[in-house]
Every structure is written in structure tokens, then in C-alpha cells.
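Tertiary structure, described
Here is what each chain is made of, one letter per residue.
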Amino acid sequence: MATYLDFEQKIKSLQDDIESADIRGDHAAIEILKKALDKEIAQVYGNMSDYQKLQLARHPDRPYAMDYIDLILKDKYEICGDRHFHDDKAIVCFIGKIGVQPAVVIGEEKGRGTKNKLMRNFGMPHPEGYRKALRAAKIAEKFGLPVLMLVDTSGAYPGVGAEERGQSEAIAKNLQDFAALQTHTISVVIGEGGSGGALAVAVADRLAMMQYSVFSVISPEGCAAILWNDPSKLETATKSLKITPDELKKMQLIDDVIIEPSVGAHRDKAGAAKAIEEYFLKSLEELEHDEKYMKKRYEKIMRYGVFAN
């Protein structure tokens, strides 16, 4: 059953009315209600606050990495394990074809349902997950395959075991090696991009965000707790952090914003997957004609953090 957020309740009501009219066979009413629904969708999604966009980024029906991989990657074969400790299920790596283009896809997967969420550790990778991602990227580099990274995590796992096995070192190693990877890399934030846990698979030639995704150095809840010690400041923190795609594009911290279907990725997974596939193939075509892509990647990274009064 579909989940509706507070600000989507009128959309739910109209969709229920359309279903009722369809059962009655009232085609005239369906046509009127569909026009009203389209208008309401444009009104709601065209005037969302930053906090509402955060809610959409965390929507339980929103596509996760495996949803997109199943939809866009053909002839896929999973790459498992980091060859050091074990296979972290919070990071998924596959080799396959996007369209007719062979590629490696690396994704952060939150999982659905209690059992699967526990197996995926709620999408919070351990250090061996980041090492697995780097291993897959090195395979792509060896065989000259492009890499697509799908970012979706609240952050790297902060447990004692993860720290003992070198969580910060694993993330730092990814930042260093992905920056120097000699193959084309494209990263897309599909939901939540949380801190270093997201950044570890976000260093790329092209970094894009889905229209209703977020990317932040800390969760708004964490920000509200640290700055104000007040959970009621959550909406203020969300706005102050400037974590939405439009804000980050203005600051030149991301390259592109991928427009989602009018009803959002959580209502049209196939449409959202098609948008990612088209962006990947278009970006790859541009990169393949650019002999200076490594130099441009370096220059882009060096611009991060630059500001002017």
C-alpha cells in the first residue's frame, strides 16, 4: 500500500476518488478528477519547503539502489566482498549493461522490510563496504568500464567494530582513489546523502542529485541537537544547512539536478530510473569526447570550499 506524507493527503484523496469513479465506470468524473489531480500535484510539488523535500528524500516508497539497478542494469553480475573482512550488504556492486554500454554500478542500499533492513544495516556501510566499492571501481578501471554510483545513506555506520576496522581510513582511501580513478565516473544522489558516508562514493567526474534528494554534512536532526539542543528546530536546521539540489547547484557543489517524474520518484520508479539512465548515457558520451576529463575532475575538487565575500 502506498504511503502518503502529511502534505500529500489531498493527492491521496483525489486518487481514491479516481479509483472509486473507475469502479463505477464514471469516465466523465475520472477525466475531471485527473485534471484536478494534475493541478494539485503541480501545486504541492512546486511549492515545497526544504523540510518537505527532506521528507520526500526519506519517503519509504522512494526507489532504493537495488530498485534502480533492477530497472536499468541488464545481464547483471554481483561483485561481493572486500577481500579483507567480509561482504557488507549496505553496499551493492554489479557489473552489467546500461543500454548497450557495459558498466559497473555501485550503490548504497537501505533495504525494505525489517529483515532486509537489518541485513543491509539500514544503508549504513561498514569500512569493508567502502573497500568493496573501491575494489569494484578498480575492476572497472582495469577493464576500461565507466562507473555509476548511487548514493543513499544517512551516514557511515558509527559502531565500535566499524571504528576498530578503520572506518575513517576506508572513507579517506575512497576519496583519494576515486579522485584519481582512470575511468569515467558518474555519481547520483538518489535519496539521502549523509556526510562522509555518502561522500565516499560521490567523488566523480559528474555529481548529480535527483530533484527530491538531499546532501548534507550532518543530518538536520544532528544539527538541531548540536546548535540548539532542541528537536523542534528541525525545520530551521534543514533550511539553514542548504541541503537541497537547487541550493547546492548554486554553490557549484554538484554538477546537475536530475528532474524526477511530476509525481516524484516514489510514485513513478520506472520514470525515475529512465531519467537516471538517460543522464548516465548522456554524461558518458560527453566525457568520452573530453580528453582532459582527469584534469577537470581535479580542478573541480580543488574548487570545493572556495567562497567570496
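Quick look at the structure, then. (Residues numbered from 1 in each chain as written. Predicted model: local features only at pLDDT ≥ 70, side-chain atom pairs only at ≥ 80, totals over all residues. Heavy atoms only, no water.)

A look at the overall build of the protein chain
When helices and strands are counted, the protein chain shows 14 helices and 8 strands. Over its C-alpha atoms the protein chain spans a radius of gyration of 20 Å, differing by no more than 12% from the 19 Å that the globule rule assigns to 309 residues. Seen through its C-alpha atoms, the protein chain measures out along the principal axes to roughly 60 × 50 × 45 Å. Burial analysis of the protein chain (309 residues in total) assigns 50% to the buried set. Within the protein chain, contacts between residues separated by at least 24 positions form 73% of all contacts whose residues are at least 6 apart in sequence. Only carbon and sulfur atoms are counted for the fraction: they give 54% of the accessible area of the protein chain, which is about 15,400 Å². Where the 42 positive side-chain charges of the protein chain centre and where its 47 negative ones centre are 2 Å apart. (Helix = DSSP H or I, 4+ residues; strand = E, 2+ residues; numbered from the N terminus. Rg over C-alpha atoms; globule rule 2.2 N^0.38 Å. Buried < 20%, exposed > 50% of the residue type's maximum accessible area, 1.4 Å probe, protein only. Contact = heavy atoms within 4.5 Å. Areas by Shrake-Rupley, 256 points an atom, 1.4 Å probe, with all protein chains shown as cover. Lys, Arg positive; Asp, Glu negative; His and termini not counted. Charge placed at Lys NZ, Arg CZ, Asp CG, Glu CD.)

Section: the side chain of Glu128
Its location among the elements puts Glu128 in helix H6 (residues 127-142). Judged by relative accessible area, Glu128 falls into the buried class, the value being 1%. Excluding its chain neighbours within four sequence positions, the residues that come into contact with Glu128 are Asp82, Phe85, His86, Asp88 and Arg165.

Some details on empty space enclosed by the protein
Inspection of the entire model under this criterion finds 1 cavity of 30 Å³ or more. Its volume calculated, the largest cavity comes out at about 50 Å³. For the largest cavity, the full set of lining residues is Leu54, Arg58, Ser154, Glu192, Gly193, Gly194, Val214, Ser216, Ile218, Ser219, Pro220 and Ile243. Listed by contribution, the elements that provide at least two residues to the lining of the largest cavity are strand S5 (185-194) and strand S7 (214-216). The leading source of residues in the lining of the largest cavity is S5, at 3 residues. A per-class count over the lining of the largest cavity returns 5 nonpolar, 5 polar and 2 charged. (1 Å grid on protein atoms, 1.4 Å probe; cavity = no way out; pocket = protein on both sides within 12 Å on 5 of 7 lines; lining within 4 Å. Points joined across faces, edges and corners; volume = space filled by probe spheres on them. Nonpolar A, V, L, I, M, F, W, Y, C, P; charged D, E, K, R; others polar.)

Concerning the environment of Gln55
Within the secondary structure layout, Gln55 lies in helix H3 (residues 50-57). The spatial distance from the C-alpha of Gln55 to the C-alpha of Leu5 is 7.9 Å, given a sequence separation of 50 residues. Residue contacts for Gln55: discarding those within four places in its chain leaves Leu5 and Phe7.

Describing unusual backbone geometry
Of all residues except glycine, most have a negative phi; of all peptide bonds, most are trans. For Arg83, which is not glycine, the phi torsion reads 65° and is therefore positive. In this fold, Arg83 is placed in the loop between strand S1 (73-79) and strand S2 (91-98).

Topic: the side chain of Thr238
Among the secondary structure elements, Thr238 is positioned in helix H11 (residues 234-241). The class of Thr238 is buried, set by a relative accessible area of 0%. Here the side chain of Thr238 touches Leu234 through a polar contact of 2.8 Å, landing on its backbone oxygen. The residues touching Thr238, leaving out its near neighbours within four places in the chain, are Asp50, Tyr51, Leu54, Pro220 and Ile243. (Polar contact = N/O pair within 3.5 Å; in protein donor to acceptor, adjacent residues only side chain to side chain.)

Examining the packing of helix H1 (residues 9-24) against helix H2 (residues 27-45)
For the pair H1 and H2, the least separation of the axes is 9 Å and the interaxial angle reads 165°. In this view, H1 runs roughly antiparallel relative to H2, as classed from their interaxial angle. For the pair H1 and H2, the crossing hand works out as left-handed. Taking contact as the criterion, the partners of Lys10, Ile11, Leu14, Gln15, Asp17, Ile18, Ala21, Asp22 and Arg24 in H1 are, on H2, Ala29, Ile30, Leu33, Lys34, Ala36, Leu37, Glu40, Ile41, Val44 and Tyr45. Across the contact of H1 with H2, the residue classes tally to 12 nonpolar, 1 polar and 6 charged. (Axes fitted to C-alpha atoms, helices over the stretch in contact; angles between N-to-C directions. Parallel < 35°, antiparallel > 145°, perpendicular 65-115°, else oblique. Left-handed = near helix turned anticlockwise from the far one by under 90°.)

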